[in-house]
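Now for the letters of each chain:
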Amino acid sequence: GRLYMNRVFRFSADKMFELLFTDSYFSRRFMNARKITGATSTSWQRDASGSMKRSLNYTITITNPLVGKFSTATENQTLYKESREGHYYLVDSEVYTHDVPYHDYFYTLNRYCIIRNSKHKCRLRIYTDVKYKKQPWGFVKSFITKNSWSGLEDYFRHLEAELLEEEAELTQGSSDA
Ligand code: YK8
């Protein structure tokens, strides 16, 4: 896998969770900017193991010239019970892109880790892996992996930029570090 983000933001851990994993103004605006449309999501619900789950459905706009312009996608998120409100949040997110070539072979696993640093700071780590449901031919596999990395790189770079902008807006005029 790959580490796509590992950085400290001037948000509380709570705030970061709210921005990324609730129906926040931030997440709606970010989806708009990524041309992600028709999003629906379930609310967070506890499962038998004690973890929380929710799922999202939406349509993504793709810029990769090898692929059609749009794909529907499903994102299944798990907030692990090891998480501690305000201190530590561990969310795994499985993303299935239903309408891209070889979609029945792979999905993407994004692991988000939010760690409280101080009252107004947290660290966000995002680790990503491309997972295979069935083994494709070697060249197909490297083709899928390569195209996934470049798409994910672009997505998370944009997310980082938007989070930094949000941080600048929220801390404007307040001088506590
Ligand atoms: C989520 C991973 C792969 C996919 C794409 C597929 C190429 C197909 C390979 C062929 C287009 C928002 C990606 C990047 C689409 C976007 C997905 C997003 C960014 C040529 C063999 C959507 C996070 C996420 C996870 C997986 C990404 C897809 O929140 O290359």
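So, how was this worked out
- Residues numbered from 1 in each chain as written.
- Predicted model: local features only at pLDDT ≥ 70, side-chain atom pairs only at ≥ 80, totals over all residues.
- Heavy atoms only, no water.
- Pairing = 2+ DSSP bridges.
- Helix = DSSP H or I, 4+ residues; strand = E, 2+ residues; numbered from the N terminus.
- Axes fitted to C-alpha atoms, helices over the stretch in contact; angles between N-to-C directions.
- Parallel < 35°, antiparallel > 145°, perpendicular 65-115°, else oblique.
- Left-handed = near helix turned anticlockwise from the far one by under 90°.
- Contact = heavy atoms within 4.5 Å.
- Nonpolar A, V, L, I, M, F, W, Y, C, P; charged D, E, K, R; others polar.
- Buried < 20%, exposed > 50% of the residue type's maximum accessible area, 1.4 Å probe, protein only.
- Arc of directions from axis to C-beta.
- Core = buried A, V, L, I, M, F, W, Y, C linked by side-chain atoms within 4.5 Å.

**Student:** Explain the pairing of strand β7 (residues 106-118) residue by residue, including any values.
**Tutor:** In this structure, strand β6 (residues 88-97) lies alongside β7, joined through eight bridges in antiparallel fashion. Looking at the pairing, L90 lines up with C113 of β7. Hairpin connection, β7 to strand β8 (residues 121-132): the antiparallel pair is bridged by two residues.

**Student:** Can you break down the packing of helix α1 (residues 13-21) against helix α3 (residues 138-171) residue by residue, with the values?
**Tutor:** Orientation of α1 relative to α3, taken along the N-to-C sense of each, is 130 degrees, at an axis distance of 13 Å. With respect to each other, α1 and α3 are oriented oblique. Crossing handedness for the pair α1 and α3: right-handed. Two secondary-structure elements touch here, α1 through K15, M16, L19 and L20 and α3 through L159, L163, E166 and L170. When its residues are assigned to classes, the contact of α1 with α3 shows six nonpolar, no polar and two charged.

**Student:** Provide a residue-level description of the environment of A33, including the pertinent values.
**Tutor:** Inspection of the secondary structure puts A33 in helix α2 (residues 25-33). Between the C-alpha atoms of A33 and W137, which are 104 residues apart in sequence, the distance is 35 Å.

**Student:** Outline α2, supporting the account with residue identities and numerical values.
**Tutor:** Within α2, burial applies to F26, S27, F30 and M31. Burial along α2 is one-sided: seen end-on, the buried residues are contained in an arc of 130 degrees. Counted as exposed and oriented over 90 degrees from the buried face of α2: Y25 and N32. Buried-residue contacts for α2 involve α1, β2 (37-41), β4 (52-61) and α3. K35 sits one or two residues past α2 and shows a positive phi near 55 degrees.

**Student:** I'd like a description of the nonpolar core, backed by residues and values.
**Tutor:** Among the nonpolar cores identified, the biggest contains 41 residues, and M16, L20, I114, L124, L159 and L163 are the most heavily contacted of them. Of all the elements, α3 adds the most residues to this core, at seven residues. Leaving out residues up to four positions away in the same chain, L159 has contacts with M5, L20, F26, F30 and I126.

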